[in-house]
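# Examination of the molecular architecture
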Amino acid sequence: MSQRNIEIVRRIYERWGRGDFRAGVELYDPYVLFVLRPEFPDAGAYCGPDEIRRYMRRDFLADLEGAVIVGEEFLAAGDSVVVRVNQQATGAGSGAPVAMRYYQVWTFRGSSVIRLESIREREEALDVAGLRD
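Scope of this entry: the structure provided in the associated data block. (Residues numbered from 1 in each chain as written. Predicted model: local features only at pLDDT ≥ 70, side-chain atom pairs only at ≥ 80, totals over all residues. Heavy atoms only, no water.)

## Details of the pairing of strand S4 (residues 80-91)
Of all the twelve residues making up S4, nine are buried; the element is thus mostly covered by neighbouring parts of the structure. Relative to S4, strand S3 (residues 64-77) runs antiparallel, the two being bridged by eleven bridges. Across the sheet, residue Glu73 finds its bridge partner in S4, namely Arg84. A loop of two residues connects S3 with S4, the two strands running antiparallel in sequence, and Gly78 in this loop sits at a positive phi of about 65°. Two strands pair when backbone bridges link them, and S4 and strand S5 (residues 97-109) are joined in this way by eleven bridges, in the antiparallel orientation. For Ala89, the partnering residue across the bridge sits in S5 and is Val98. (Buried < 20%, exposed > 50% of the residue type's maximum accessible area, 1.4 Å probe, protein only. Helix = DSSP H or I, 4+ residues; strand = E, 2+ residues; numbered from the N terminus. Pairing = 2+ DSSP bridges.)

Set out below in structure tokens:
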């Protein structure tokens, strides 16, 4: 299952890398939880596809132009996939380049995504996924 999940997530990031952030939403469980840790802008927990969609439109995409999120490394962790990501965009008002590297942990139940968490540090992402002692 973990290799299958890696391939699913890899395909999502291929589309996110082209700015298509609708990729993967069909996999979201009705109660999917998207967590942005406190070190991220707009930190919080967003529950369900509709709330995640609102966050993407009103907060994330409203503040950025040409946003892309590229997956650089994919690690299997049972029902989870840890991804090192490179996010790039341009500030909507300023025109300044914006770049950020961080990790996302995708957790699956069967074929559905039940949790997606953004984490700044690799060690913390590995802890969340159960890959560290």
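## Considering the pairing of strand S6 (residues 112-119)
Along any regular strand, the residues point their side chains to alternate faces of the sheet. Pairing of strand S1 (residues 28-36) with S6 involves five bridges; the strand directions are parallel. In the sheet register, Leu36 faces S6, and the bridge partner there is Ser118. Counting the residues in the hairpin turn of S5 and S6 gives two residues, including Gly110, whose phi is positive at 65°.

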